[in-house]
Each structure stands twice: as structure tokens, then as C-alpha cells.
Amino acid sequence: RDMVKENIVSVSLISDEIEEIREEYKADRVWIAQFHNGGNFYPTGKSIQKFSIFYEVTKAGVSSVSHTFNNIPCSLYPKTFEHTMHGNSIFIPDFSDPKIATYGLKEAAKSVGTKSTFLVPLFTLDDKYIGNIGIDYVTRKKKLTKNDWEHFQIKAGRIAGYISNHLSS
């Protein structure tokens, strides 16, 4: 069994899927953040829950954010994860609109130049919350249509299946 080759095939499939999403939605950035064990607390040894962006594609000229969102404690985004862990998506067409809930993401978006973002939680087939997929718009604000939003959620479900399969193989 060639585990490196199998891994490359799996991650390439996921990368191709998010590139297709980026092109279809004319987005500046599409990324997938996954949860992981980021070490242990002293003195109890309890696992520290963190997340990192493991997959990301960007439009030419748009900065990557995977290096910024690497080994981030989940405790820094409690509103985001409290909302998404129950299967709820986040729809932010304009971070500058004070009437729109930003779930604690406004400052992070500002720091990387994101004007609009759309997040869908990812779950394994046995309903474990494994992360989020996001579409970002940096060069302009964007509001997705209801049809676009529903289609994105379907694609996110398919990608969650790929990731679940990759993690269990």
C-alpha cells in the first residue's frame, strides 16, 4: 500500500472540487478548515481543540490565508462554532453592514481583506462536526442567490463525504 500516493490522490480530488467552486461562484478564495488536536493543557493533559485551513484555492492576485489560520484555538471563535456545530451555515454578504450578524468573524475578515463570506459546516457520515468550507470575496462584496446558496450546501455535503473517506482510509 502506497499511503503517500493515496493521500495525494485524495487531497487532489478535494482541491479540484474547491477550485471548481471558486470558478463557479467567481470567488476570490475557497477554503476548508478542519478541527484537530493541537496539543495538551498543563497540568491536566486535556487535549486542546484547534482548527487549521488544510485546503485553499485563490484567484490570481489574492492572498492565501492558510498560513494565518493555522493551529488556531477554537476558543477564539466560540460564536462561529456554536452556530455551525448545529448544522447552521453563515451567510455574510457585507461585513461592513451593522445589521448583519458576523458571529465573531468581523475582525478576522478585516485582517485578511474579506468583504463577504459564506460558511457551511462539514460533518462526517456519522454526524461528527469536522470543520467548515468557506467562500470569500475580497475584491468586491457579493450576495449569493438562494439557488447559489442551496447548490453550495450540496457541494459542501459532497466534499464532507470526500474528507470523511480520506480521514477514515
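Residues numbered from 1 in each chain as written. Predicted model: local features only at pLDDT ≥ 70, side-chain atom pairs only at ≥ 80, totals over all residues. Heavy atoms only, no water.

Caption draft 1: Focus on the overall build of the protein chain. Within the protein chain, the regular secondary structure consists of four helices and six strands. For the protein chain, the α and β elements follow one another from N to C terminus as α-β-β-β-α-β-α-β-β-α. The globule rule puts the C-alpha radius of gyration for 169 residues at 15 Å, and the 16 Å found for the protein chain is close to it. For the protein chain, the spread of C-alpha atoms along the principal axes amounts to about 45 × 40 × 30 Å. Across the 169 residues that make up the protein chain, the buried fraction comes to 44%. Sequence separation of 24 or more characterises 59% of the internal contacts of the protein chain that already satisfy a separation of 6 or more. Carbon and sulfur atoms make up 55% of the accessible area of the protein chain, which amounts to about 9600 Å² in all. One way to put it: in the protein chain the 21 positive side-chain charges average out to a point 6 Å from where the 19 negative ones average out. (Helix = DSSP H or I, 4+ residues; strand = E, 2+ residues; numbered from the N terminus. Rg over C-alpha atoms; globule rule 2.2 N^0.38 Å. Buried < 20%, exposed > 50% of the residue type's maximum accessible area, 1.4 Å probe, protein only. Contact = heavy atoms within 4.5 Å. Areas by Shrake-Rupley, 256 points an atom, 1.4 Å probe, with all protein chains shown as cover. Lys, Arg positive; Asp, Glu negative; His and termini not counted. Charge placed at Lys NZ, Arg CZ, Asp CG, Glu CD.)

Caption draft 2: How the structure looks around helix H1 (residues 3-24). Here H1 spans 32 Å end to end across 22 residues, near enough to the 32 Å set by a 1.5 Å rise per residue. Every buried residue of H1 is accounted for by Ser10, Ile14, Glu17, Ile18, Ile21 and Arg22. Considered in projection along H1, the buried side chains sweep an arc of 145° and stay on one side of the axis. In this structure, H1 carries Val4, Lys5, Val9, Asp16 and Glu23 as exposed residues pointing more than 90 degrees from its buried face. Looking at the buried positions of H1, the neighbouring elements they touch are strand S1 (29-40), strand S2 (47-58), strand S6 (129-137) and helix H4 (146-168). Among the residues of H1, the N-terminal cap falls to aspartate 2, whose side-chain oxygen and the backbone nitrogen of valine 4 are separated by 3.3 Å. One or two positions beyond H1, positive phi appears at lysine 26, with a value near 50°. (Expected span 1.5 Å × (residues − 1). Arc of directions from axis to C-beta. Polar contact = N/O pair within 3.5 Å; in protein donor to acceptor, adjacent residues only side chain to side chain.)

Shape descriptors only; they carry no functional weight alone.
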